[in-house]
Amino acid sequence: MKHALSLKIGPATFRIGSAWRQPVEALAALYADYPAPSVEVADFTVRLEPAGPLRRWLRPSIFITGDHGLADAAPMSLSHGLLAAEMGMNLQMALGWRRHLLLHASSVEKDGRALVMTGESGSGKSTLAAQLGERGWRLMGDEFALLDLATGMVFPFPRLVSLKNRAIDVLAAEVREDRMGPLLAGTAKGDIRHLVPNGDAIRRMDKGAMPALLLFPRFGHQTDVRAVGQGEVFMRLTQASTNYVALGEPGFDALTHFVRNVPARAIDFSSGEEAIALVERLWEEPA
Amino acid sequence: MPPRYCQDSPDAIAACVLEDMALLYHRPSGQTHMVISPVPEILAALDNGAALTAGEVHAELARLYDLGAAEEAVPLVEAHLAELAALGLVRLA
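On a predicted model such as this, the values are computed, not experimentally measured, just so you know.

**Examining the pattern of salt bridges**
- Under the criterion given, the structure shown has 23 salt bridges over all chains.
- Put simply, A:Arg138 and A:Glu109 hold a salt bridge, and the shortest N to O gap is 3.0 Å. Remark: A:Glu109 occurs in strand β6 (residues 100-110) and A:Arg138 occurs in strand β8 (residues 138-141); sequence separation between them is 29 residues.
- The partner of A:Glu249 in a salt bridge is B:Arg27, with the nearest N and O atoms 2.7 Å apart. Note that A:Glu249 is positioned in helix α8 (residues 249-261) and B:Arg27 in the loop between β3 (22-26) and β4 (31-35), a pairing that runs across two chains.

Below, the structure written as structure tokens:
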């Protein structure tokens, strides 16, 4: 490919190729503080290609592909090239990663223990993790938590945090401007801006932590905390995992061990401040 | 002759008991099943490798649990066994 970049995020390495310069330049700027991959061969390749023969120049339109692709993925506008690259990396992880049980969840760490948060898009898990990452917790990732099959530890995947709509202003008010990516307006998920995780999150991106609490956050509801039964937790986590079935029995063993050992709560909240106070309180409570 | 049921194979199932249910990982198919009582108990009755009828499974369980009248309980055990056979967790002997 004409323009290319190699990246290491947590344990995974990516080679991103693009027919255009812009997405690669934007990625290189935002990932400037990440360590360079130490191996020549990447785990995954991501390719951003013109959606058709003329679409490199004429109303440029990106088709995301790579080692693993989705046949019916809709082409994206070149102005959203950074998002396309990020989506491409997520797609490769979701479809191809086998070294850990992959949970669609955010995670943060404090005192060597991890808090894992999972929920639908819009639940607030990403924003909450990003905010905690600025307030004494270490951000481990806003999208994927990697559960180690042998040890039960959670490992980080601290890619850029994808902030959507109202979350953009919340975090932009808390961090230095140079940690915020360009505004990508009018994407399929609304407005998006990427946040570069802080130095601590990047420096310690190879360091796992034992999970100590699982939360199912839900933004936009009156404050509430509910216990969640182990059966429901198991079911929701299998739904939140993209490779549970592919991993077979080691995945079953890892997930059942997690469910039996990590206390789980569903939390509702109507503001970020409320959510943070709730998390801090639950974190201090004995399991 | 009433049908006889036995385990799929001695180590076909990895089981994990949670607070409110049991999980069964079926090794040959790679499928995970979430089950509640009396399914784990019925499977346990077949644990020694024997091929039993629904009546015999019931008799085995009745030694450990209060199952009520046999004429009502045996058809229920039979229905569970047929369902488990359809899932591949037990098979007809």
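**Digging into the environment of A:Ala185**
All names here are of chain A.
- Checked against the element boundaries, Ala185 lands in strand β12 (residues 184-187).
- We classify Ala185 as partly exposed; its relative accessible area is 44%.
- Residues Ala185 and Phe14, spaced 171 residues apart in sequence, show a C-alpha to C-alpha distance of 26 Å.
- When near neighbours in sequence (up to four residues on either side) are disregarded, Ala185 contacts His80 and Asp191.

**Overview of the packing of helix α1 (residues 21-30) of chain A against helix α2 (residues 81-96) of chain A**
Residues and elements named next belong to chain A.
- As a packed pair, α1 and α2 sit with axes 8 Å apart at the nearest point and diverge in direction by 70°. Here α2 runs roughly perpendicular to α1, going by the angle between their axes. Contacts between α1 and α2 involve Pro23, Ala26, Leu27 and Leu30 from the first element and Gly81, Leu82, Ala85, Glu86 and Met89 from the second.
- Here the residues of the contact of α1 with α2 sort into seven nonpolar, one polar and one charged.

**Describing the interface of chain B and chain A**
- Between chain B and chain A, the contact holds 12 residues from the first and 12 residues from the second.
- Summed over both sides, the interface between chain B and chain A buries roughly 1100 Å², with carbon and sulfur atoms accounting for 65% of that surface.
- Considering only the surface of chain B that becomes buried against chain A, B:Leu18, B:Tyr25 and B:Met34 emerge as the three largest contributors, covering 39% of it.
- Taken together, the connections running from chain B to chain A amount to one salt bridge.
- Taken together, the links from chain B to chain A amount to five residue pairs in polar contact (both at pLDDT 80 or more).
- Broken down by secondary-structure element, the contributors of at least two residues to the side of chain B that touches chain A are β2 (13-17), β3 and β4 of chain B.
- When residues of the side of chain B that touches chain A are assigned to their parent elements, the largest contribution, three residues, is made by β2(B).
- Its residues placed into classes, the side of chain B that touches chain A shows eight nonpolar, one polar and three charged.

**Points about the side chain of A:Ser162**
- Mapped onto the secondary structure, A:Ser162 falls in strand β11 (residues 161-164).
- When neighbours within four sequence positions are excluded, A:Ser162 is seen to be in contact with A:Ser126, A:Asp142, A:Ile192, A:Arg193 and A:His194.

**Here we look at the sheet that holds β3(B)**
- What the three strands build is an open sheet, ordered β2-β3-β4 (chain B); its pairing is antiparallel. A single partner strand is all that each edge strand has here, and the edge strands are β2 and β4 of chain B. Each neighbouring strand pair of the sheet contributes to a mean axis angle of 20°, computed without reference to strand direction.
- The pairing of β2(B) with β3(B) spans five bridges and is antiparallel. The residue of β3(B) that forms the bridge with B:Val17 is B:Ala22.
- Together, β2, β3 and β4 of chain B form the strand contacts of α8(A), whose direction differs from that of β2(B) by roughly 10°.

**Quick look at the packing of aromatic side chains**
Residue and element names in this part refer to chain A.
- By the definition in use, this model includes nine aromatic pairs over all chains.
- Note on Phe44 and Trp97: the rings are 6.1 Å apart at their centroids and 55° apart in plane angle, and the pair reads as tilted. Pair noted here: Phe44 is in strand β3 (residues 44-50) and Trp97 is in the loop between α2 and β6, with a separation of 53 residues, a long-range link.
- Between Phe219 and Phe269, the ring centres sit 6.0 Å apart and the planes meet at 50°, which makes this aromatic pair tilted. Here Phe219, found in strand β14 (residues 210-219), pairs with Phe269, found in strand β16 (residues 264-269); they are 50 residues apart in sequence, far enough to count as distant.
- Through a chain of ring-to-ring contacts, three or more aromatic side chains come together here, namely Phe14, Phe44, Trp97, Phe144 and Phe157.
- The residue whose ring lies beneath Arg113 is Trp283, and the NZ or CZ to ring-centre distance is 4.5 Å.
- When the ring centre of Phe216 is taken as reference, the NZ or CZ atom of Arg236 above it lies at 4.0 Å.

**So, the packing of helix α2 (residues 54-62) of chain B against helix α3 (residues 70-87) of chain B**
Residues and elements named next belong to chain B.
- Contact geometry for α2 and α3: axes closest at 9 Å, N-to-C directions at 115°. When the axis of α2 is compared with that of α3, the two are roughly perpendicular. Relative to α3, the crossing made by α2 is right-handed. Residues Ala54, Gly55, Val57 and His58 of α2 form the contact with α3, whose participating residues are Ala70, Ala73, Val74, Val77, Glu78 and Leu81.
- Per-class residue counts for the contact of α2 with α3 are seven nonpolar, two polar and one charged.

**Quick look at the sheet that holds β11(A)**
Residue and element names in this part refer to chain A.
- A sheet is described by the order of its strands in space; here three strands give the open sequence β11-β13-β12, paired in antiparallel fashion. Since the sheet does not close on itself, it has two edges, and those belong to β11 and β12, each with one partner. For this sheet, the mean angle separating the axes of adjacent strands, direction not counted, is 35°.
- Direction of pairing for β11 relative to strand β13 (residues 190-195): antiparallel, over a ladder of four bridges. Paired with Leu163 across the strands is Arg193, a residue of β13.

What counts and how
Residues numbered from 1 in each chain as written. Chains lettered and ligands numbered in written order. Predicted model: local features only at pLDDT ≥ 70, side-chain atom pairs only at ≥ 80, totals over all residues. Heavy atoms only, no water. Salt bridge = Lys/Arg side-chain N within 4 Å of Asp/Glu carboxyl O. Helix = DSSP H or I, 4+ residues; strand = E, 2+ residues; numbered from the N terminus. Buried < 20%, exposed > 50% of the residue type's maximum accessible area, 1.4 Å probe, protein only. Contact = heavy atoms within 4.5 Å. Axes fitted to C-alpha atoms, helices over the stretch in contact; angles between N-to-C directions. Parallel < 35°, antiparallel > 145°, perpendicular 65-115°, else oblique. Nonpolar A, V, L, I, M, F, W, Y, C, P; charged D, E, K, R; others polar. Buried area = accessible area lost by both parts, 1.4 Å probe. Polar contact = N/O pair within 3.5 Å; in protein donor to acceptor, adjacent residues only side chain to side chain. Pairing = 2+ DSSP bridges. Phe/Tyr/Trp six-rings, centres within 6.5 Å; stacked < 30°, edge-to-face > 60°. Lys NZ or Arg CZ within 6 Å of the ring centre and 35° of its normal. Left-handed = near helix turned anticlockwise from the far one by under 90°.

Function cannot be read off these values alone, since they describe shape.
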